[in-house]
Amino acid sequence: PEFKIPEKLLNKLHNIKLIKSNKNNKLKVAIFNEEGSNGENEMAYCFLEVGFDVYNVNINDLIENKYNLEDFRGIAFVGGFSFSDVLGAAYGWYFSIINNKKIKQQFDNFYKREDKFSFGICNGCQLMSLLEWIPKDITLETNLSNRFESRYSFVKIQKNNSIMLNNMEDLEFGIWTAHKQGRIVTHNDIDDNLFPIKYIDDESNITERYPYNPNGSKNGRCCIISENGRHLAMMPHPERCVLKYQMPWLSNNIKLDKYTPWMLLFKNALEWCRNN
């Protein structure tokens with residue numbers, strides 16, 4: 001297979017620079033994780049690298065008033081196995097939020113604010129589905145293979161209104177996947193534009209065929225966005241492959257320096273925050 005990076009993305013990728021500014025003036029992002037999470041360091045690196053001020057936050061921090069979500073422009077729900085996936089993927093995390101009135105109110109207020117964004121990966125995607133931060137009646141079900149799948153998958157980005165995927169349409173690139181409950185299931189008619197990242201095969205065709213599609217999601221779906229574009233949930237792990245050396249393979253037609261196109265998700269979030 002050949003990866004495809006539109007020229008406009010390559011130009012933007014080469015111009016990613018650290019934002020040198022006073023810490024108090026930086027935009028704050030909460031890297032939200034719990035016992036069993038394992039993606040917080042990679043996620044923190046991505047947001048730090050483009051210029052955000054990053055904080056490691058969990059439920060107890062909110063309960064003890066160490067932090068308040070009102071102070072953050074973005075929340076990133078990381079991947080892993082929160083609370084050992086007791087009762088099901090992300091359910092322990094979900095119940096720790098909705099069963100505390102004070103904490104749930106913070107999350108509800110954050111979600112309603114038009115100057116806020118959120119990003120959920122893998123276990124975080126499952127949590128966002130349960131919280132209904134993405135369209136209602138979407139669930140993450142067990143892979144059709146009935147096994148945990150850790151693979152280097154190929155995906156394509158289609159046109160969409162996500163703030164983090166801004167101008168990234170037509171990108172075809174590799175990405176890590178690692179999940180057992182990642183099959184996106186919809187229980188009503190939802191616009192396919194809300195599923196803009198699709199698994200593809202070696203010939204760039206959107207696919208449901210295993211192993212190109214590791215979970216069997218309909219129409220190759222591997223991400224969901226909110227209708228307003230401010231909330232993005234996805235099962236693959238872009239934060240694990242933002243650097244060239246993290247990629248196990250690149251097609252010969254791709255020439256990269258330090259970063260891969262996945263770093264642009266985080267750069268796009270920064271640019272959106274600065275303009276809103």
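(A) How the structure looks around the overall build of the protein chain. Helices and strands together make up the secondary structure of the protein chain, namely seven helices and eleven strands. Here the C-alpha coordinates of the protein chain stretch approximately 50 × 45 × 30 Å along the principal axes. Looking at the 276 residues of the protein chain, the share that counts as buried comes to 57%. Put simply, of all contacts in the protein chain between residues at least 6 apart along the chain, 78% involve residues at least 24 apart.

(B) Examining helix 7 (residues 263–275) more closely. Under the 1.5 Å per step criterion, the end-to-end length of helix 7 is 19 Å for 13 residues, consistent within 8% with the ideal 18 Å. Three or more residues of helix 7 are buried, namely Met263, Leu264, Leu265, Phe266, Lys267, Asn268, Ala269, Leu270, Trp272 and Cys273. Where helix 7 is buried, its residues contact helix 1 (7–14), helix 2 (40–50), strand 4 (117–121) and strand 11 (231–234).

(C) A look at the packing of helix 1 against helix 7. At a minimum axis separation of 11 Å, helix 1 and helix 7 run at an interaxial angle of 75°. One element, helix 1, and the other, helix 7, form an angle in the roughly perpendicular class. In contact with Leu9, Lys12 and Leu13 of helix 1, helix 7 contributes Leu264, Lys267, Asn268 and Glu271. The residue inventory of the contact of helix 1 with helix 7, partitioned by class, reads three nonpolar, one polar and three charged.

(D) Examining the packing of helix 2 against helix 7 more closely. Interaxial distance between helix 2 and helix 7 falls to 9 Å at its minimum, and their mutual angle equals 55°. The orientation of helix 2 with respect to helix 7, classified from their angle, is oblique. Judged by the sense of rotation from one axis to the other, the crossing of helix 2 with helix 7 is right-handed. Between helix 2 and helix 7, the contacting residues are Met43, Tyr45, Cys46, Phe47, Glu49 and Val50 on the first element and Met263, Phe266, Lys267 and Leu270 on the second.

(E) Structural context of the sheet that holds strand 1 (residues 28–32). Taken in spatial order, the six strands line up as 2-1-3-4-11-10 in an open sheet, and their pairing is mixed. Since the sheet does not close on itself, it has two edges, and those belong to strand 2 (53–57) and strand 10 (223–225), each with one partner. The mean angle between the axes of side-by-side strands here comes to 15°, regardless of whether they run parallel or antiparallel. Helix 2 contacts strand 1, strand 2, strand 3 (74–77) and strand 4 of the sheet and is inclined by roughly 165° relative to strand 1. Sheet strands touched by helix 6 (residues 123–131): strand 3, strand 4, strand 10 and strand 11. Its angle to strand 4, the strand with the most contacts, is close to 125°.

(F) Geometry of helix 2. The set of residues buried in helix 2 consists of Glu40, Met43, Ala44, Cys46, Phe47, Glu49 and Val50. After helix 2 finishes, the residue glycine 51 shows a positive phi value of roughly 120°.

(G) Structural context of the pairing of strand 4. Of all the five residues making up strand 4, five are buried; the element is thus mostly covered by neighbouring parts of the structure. The pairing of strand 3 with strand 4 spans four bridges and is classified as parallel. Along strand 4, the bridge assignment pairs glycine 74 with phenylalanine 117. Bridge count for strand 4 against strand 11 is four bridges, and the pairing is parallel. When the sheet's bridge partners are listed, serine 118 is paired in strand 11 with histidine 231.

(H) Just the pairing of strand 1, in detail. With four of its five residues buried, strand 1 lies for the most part within the structure. Sheet analysis places strand 1 next to strand 2, joined by five bridges and oriented parallel. Across the sheet, residue phenylalanine 32 finds its bridge partner in strand 2, namely valine 57. Between the parallel pair strand 1 and strand 2, the chain is carried across by helix 2, and the sense of this crossover is right-handed.

(I) Structural detail: the pattern of salt bridges. Following the criterion strictly, the structure yields 13 salt bridges and no others. Close ionic contact of arginine 147 with glutamate 149 constitutes a salt bridge, the shortest N to O distance being 3.8 Å. Classification of glutamate 149 as buried rests on a relative accessible area of 1%. Here arginine 151 makes a salt bridge to glutamate 149, at a shortest N to O gap of 2.8 Å. Because the salt bridges share partners, they merge into one network encompassing Lys4, Lys156 and Glu172.

(J) Highlighting the nonpolar core. Ranked by internal contacts, the top residues of the largest apolar core, which has 92 residues, are Phe47, Phe52 and Phe266. The leading source of residues in this core is helix 7, at eight residues. Residue contacts for phenylalanine 47: discarding those within four places in its chain leaves Val29, Ile31, Phe52, Val54, Ala76, Phe117, Phe119, Met164 and Phe266.

(K) View of unusual backbone geometry. Residue proline 211 is reached from tyrosine 210 by a cis peptide bond, and omega for that bond is 5°. Its location among the elements puts proline 211 in the loop between strand 9 (197–199) and strand 10. Unlike most non-glycine residues, cysteine 122 shows phi in positive territory, near 55°. As for its position among the elements, cysteine 122 is in the loop between strand 4 and helix 6.

Each value, and the rule that gives it
Residues numbered from 1 in each chain as written. Predicted model: local features only at pLDDT ≥ 70, side-chain atom pairs only at ≥ 80, totals over all residues. Heavy atoms only, no water. Helix = DSSP H or I, 4+ residues; strand = E, 2+ residues; numbered from the N terminus. Buried < 20%, exposed > 50% of the residue type's maximum accessible area, 1.4 Å probe, protein only. Contact = heavy atoms within 4.5 Å. Expected span 1.5 Å × (residues − 1). Axes fitted to C-alpha atoms, helices over the stretch in contact; angles between N-to-C directions. Parallel < 35°, antiparallel > 145°, perpendicular 65-115°, else oblique. Nonpolar A, V, L, I, M, F, W, Y, C, P; charged D, E, K, R; others polar. Left-handed = near helix turned anticlockwise from the far one by under 90°. Pairing = 2+ DSSP bridges. Right-handed = clockwise from strand over helix to strand, strands pointing away. Salt bridge = Lys/Arg side-chain N within 4 Å of Asp/Glu carboxyl O. Core = buried A, V, L, I, M, F, W, Y, C linked by side-chain atoms within 4.5 Å.

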